[in-house]
Amino acid sequence: MSEFDDLLAANAEYAARFSGSDLSGRAARGLAVVTCMDSRIDPLGLLGLAPGDAKILRNAGARVTDDVLRTLVLAVYLLGVERVLVMPHTDCGMSKVTDADVHALTQEQGVDTRSLEFHTVPDQQAALRHDLTRIRTTPFFPHPLPVGGAIYDVRTGQLHPVEL
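Residues numbered from 1 in each chain as written. Predicted model: local features only at pLDDT ≥ 70, side-chain atom pairs only at ≥ 80, totals over all residues. Heavy atoms only, no water.

### Here we look at a nonpolar patch on the surface
Moving on, step 1. Together, Met1, Phe4, Leu7 and Leu8 give the surface a local cluster of nonpolar side chains, amounting to about 450 Å² of exposed area.
Moving on, step 2. As for its position among the elements, Phe4 is in the segment before helix 1 (5-16). (Patch = residues over 30% accessible without salt bridge, like charges linked within 9 Å, V, L, I, M, F, W, Y side chains within 5 Å. Areas by Shrake-Rupley, 256 points an atom, 1.4 Å probe, with all protein chains shown as cover. Salt bridge = Lys/Arg side-chain N within 4 Å of Asp/Glu carboxyl O. Helix = DSSP H or I, 4+ residues; strand = E, 2+ residues; numbered from the N terminus.)

### Points about helix 3 (residues 66-78)
Moving on, step 1. An ideal rise of 1.5 Å per residue puts 18 Å on 13 residues; helix 3 measures up with 18 Å between its terminal C-alpha atoms.
Moving on, step 2. Buried within helix 3 we find Val68, Leu69, Leu72, Ala75 and Val76. Along the long axis of helix 3, the arc covered by the buried residues comes to 120 degrees, so they all point the same way. Opposite its buried face, helix 3 presents the exposed residues Asp66 and Leu78, each directed more than 90 degrees away.
Moving on, step 3. Looking at the packing, one finds that the buried side of helix 3 touches strand 1 (31-36), strand 2 (54-59), strand 3 (83-87) and helix 5 (124-137).
Moving on, step 4. Trailing helix 3 by a residue or two, Gly80 shows a phi angle of about 80 degrees, which is positive. (Expected span 1.5 Å × (residues − 1). Buried < 20%, exposed > 50% of the residue type's maximum accessible area, 1.4 Å probe, protein only. Arc of directions from axis to C-beta. Contact = heavy atoms within 4.5 Å.)

### Details of empty space enclosed by the protein
The rolling of a water-molecule-sized probe over the atoms marks out the regions of remaining empty space.
Moving on, step 1. Applying the stated rule across the entire model yields one cavity of 30 Å³ or more.
Moving on, step 2. Approximately 30 Å³ is the volume found for the largest cavity.
Moving on, step 3. Surrounding the largest cavity, Gly61, Ala62, Arg63, Pro88, Val121, Gln124, Ala127, Leu128 and Asp131 form its lining.
Moving on, step 4. Looking at side-chain class alone, the lining of the largest cavity contains five nonpolar, two polar and two charged residues. (1 Å grid on protein atoms, 1.4 Å probe; cavity = no way out; pocket = protein on both sides within 12 Å on 5 of 7 lines; lining within 4 Å. Points joined across faces, edges and corners; volume = space filled by probe spheres on them. Nonpolar A, V, L, I, M, F, W, Y, C, P; charged D, E, K, R; others polar.)

Structure (structure tokens):
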């Protein structure tokens, strides 16, 4: 496991000072955040949250896919979520390519990804509005479920709300 020894050592240190055993698994602040997998984003820190406060759903581009909807349904009905923030970010790699670009890149390596949809983001504000509408109009949530959107600026740390 040498490729992961650094992570296991870090975990041993973390576990030695771990203090989160009293958290319930419910979203203490009733919040779910859909954001990107980009490692520059610290969703808890930038929103003033602590572990246990929110459910954090991450994927490439912060897109509201079928799997995100499935997870939000579980979060709402089982885990105390009462509001949802969709939070993509500036300088996102998903806004710099198309699905066709990704398929071509993988094809160069002999991998056929045409069965996958990557949900790239040619227009970030339009994609965010689409995803907000998708959550707001799904029949799976109790209404009204507060749903908001904001774009996180990775250069300044600021959130910029986006309205429908």
